[in-house]
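Geometric and topological summary
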There are 2 protein chains.
Amino acid sequence: MADEALFEFLHMEVVSYLFKTADEEKCIPILENMGYRVGHSLAERFTRDSSRFKDELDIMKFICKDFWTSVYKKQVDNLRTNHQGVYVLQDNRCRVLTQISASKQYLEAAPNYLAFPCGLIRGALANLGISCIVTAEVQNMPACKFQIMIQRSQ
Amino acid sequence: MADEALFEFLHMEVVSYLFKTADEEKCIPILENMGYRVGHSLAERFTRDSSRFKDELDIMKFICKDFWTSVYKKQVDNLRTNHQGVYVLQDNRCRVLTQISASKQYLEAAPNYLAFPCGLIRGALANLGISCIVTAEVQNMPACKFQIMIQRSQ
């Protein structure tokens with residue numbers, strides 16, 4: 001039985017429904033917001049029993065390993081940071097992209113499927129006390145880079 | 001890590017989004033249809049390697065056991081049939097209902113959360129060659145009865 005398929009199929013249906021019914025420019029923010037709320041709730045549940053994180057990098061490692069595995073059944077492949085509040089998470093086989101197809105033909109549809117995962121990351125980090133902006137960039141399907149820019153309070 | 005929470009949180013978000021934005025009378029059919037499409041795809045995947053089912057009852061048992069467990073992490077508690085094309089699946093702790101709350105106060109919101117599971121069952125059965133109508137009835141939260149009426153081709 002393929003349990004993870006359930007979430008993936010539902011996500012595909014939601015993307016497909018929204019782009020059929022809502023104004024196109026509203027779809028991405030709606031999906032990002034759904035992802036935010038789901039990510040926020042998930043982080044709440046996942047970290048209920050875990051000890052406090054040491055620092056920001058420690059939280060990022062949690063997102064790359066436990067959180068990503070729980071959602072997409074694999075870890076993020078690479079984590080980099082400029083040590084000035086920017087983190088880049090690279091997933092070489094991003095599941096939402098492998099689902100739609102690993103060809104350039106579908107490159108323009110990719111942002112529709114990456115809004116939810118961007119929101120997931122932003123929501124999970126918000127729950128862990130980190131305010132940020134998350135964007136995604138696809139160069140070679142199905143590889144994807146998520147860029148996290150920390151928003152420091154002034 | 002609570003993997004099943006992912007699907008559940010997303011389902012809650014979708015219900016909540018739809019009832020905020022779509023016409024109320026359209027929400028239930030939209031959710032039922034999403035469920036149908038997800039159920040159809042899931043059944044396709046789950047039964048890819050399994051041997052053919054013996055008969056209709058055998059398929060219903062698959063829905064009650066493997067399929068339900070995969071989606072809701074528990075089996076259906078009771079399966080009954082009148083042997084004339086009506087099956088009743090009783091789930092004493094229906095997960096979509098335990099999520100919203102196990103009190104009468106939320107009874108009127110229950111149909112909003114049961115449309116997707118009704119569609120799931122109908123979609124899975126359609127994939128397995130059974131055309132039917134599925135309805136849900138709540139008497140005591142969070143127990144729920146799903147009634148399946150087989151549509152025989154004339």
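Under an unreviewed UniProt entry, chain A has the name Trafficking protein particle complex subunit 6B and belongs to Branchiostoma belcheri. Comment text from UniProt for chain A, heading Sequence similarities (unreviewed entry), reads "Belongs to the TRAPP small subunits family. BET3 subfamily." Entered under Function (unreviewed entry) in the UniProt record, the comment concerning chain A runs "Component of a transport protein particle (TRAPP) complex that may function in specific stages of inter-organelle traffic. Specifically involved in the early development of neural circuitry, likely by controlling the frequency and amplitude of intracellular calcium transients implicated in the regulation of neuron differentiation and survival."

**Details of the relation of the copies chain A and chain B**
Take chain A, turn it by 180 degrees, move it 0.0 Å along the axis, and it overlays chain B with an RMSD of 0.0 Å. Each copy turns onto its partner about a two-fold axis. Closest to the rotation axis within chain A is the C-alpha of Phe7(A), separated from it by 2.4 Å. Comparing contact sets, 100% of the residues at the interface of chain A also lie at the interface in chain B, consistent with an isologous, same-surface contact.

**A few points about the interface of chain A and chain B**
Each partner contributes to the interface: chain A provides 28 residues, whereas chain B provides 28 residues. Across the contact surface, chain A and chain B share two salt bridges. Note that Glu13(A) and Arg37(B) form a salt bridge whose closest N and O atoms lie 2.6 Å from each other. On the surface where chain A and chain B come into contact, there are two residue pairs in polar contact (both at pLDDT 80 or more). Only helix 1 (3–21), helix 2 (24–46) and helix 3 (56–72) of chain A provide two or more residues apiece to the side of chain A that touches chain B. Of all the elements, helix 1 of chain A adds the most residues to the side of chain A that touches chain B, at 11 residues. When the residues that make up the side of chain A that touches chain B are grouped by side-chain class, the tally is 19 nonpolar, three polar and six charged.

**Some details on the pattern of salt bridges**
On inspection of all chains with the given rule, the structure shows 14 salt bridges over all chains. With its nearest N and O atoms 2.8 Å apart, the salt bridge here joins Glu32(A) to Arg122(A). Of the two residues, Glu32(A) sits in helix 2 while Arg122(A) sits in helix 5 (residues 110–127), which places them 90 residues apart along the sequence. Residue Glu32(A) is classed as buried on the basis of its relative accessible area of 16%. For Lys74(B), the salt bridge is made with Asp77(B), and the minimal N-O distance between the two is 3.0 Å. Because the salt bridges share partners, they merge into one network encompassing Lys74(A), Asp77(A) and Asp91(A).

**Things to note about the pairing of strand 1 (residues 78–81) of chain A**
Side chains on a regular strand alternate between the two faces of the sheet. Residue and element names in this part refer to chain A. Of the pairings in the sheet, the one linking strand 1 to strand 2 (residues 86–91) comprises four bridges and is antiparallel in character. Looking at the pairing, Arg80 lines up with Val88 of strand 2. Connecting strand 1 to the next strand, strand 2, in antiparallel fashion are four residues, including His83 with a positive phi near 60 degrees.

Each value, and the rule that gives it
- Residues numbered from 1 in each chain as written.
- Chains lettered and ligands numbered in written order.
- Predicted model: local features only at pLDDT ≥ 70, side-chain atom pairs only at ≥ 80, totals over all residues.
- Heavy atoms only, no water.
- UniProt positions renumbered as here; feature names shortened; annotations may be inferred.
- Least-squares fit on C-alpha atoms with pLDDT ≥ 70 in both.
- Contact = heavy atoms within 4.5 Å.
- Salt bridge = Lys/Arg side-chain N within 4 Å of Asp/Glu carboxyl O.
- Polar contact = N/O pair within 3.5 Å; in protein donor to acceptor, adjacent residues only side chain to side chain.
- Helix = DSSP H or I, 4+ residues; strand = E, 2+ residues; numbered from the N terminus.
- Nonpolar A, V, L, I, M, F, W, Y, C, P; charged D, E, K, R; others polar.
- Buried < 20%, exposed > 50% of the residue type's maximum accessible area, 1.4 Å probe, protein only.
- Pairing = 2+ DSSP bridges.

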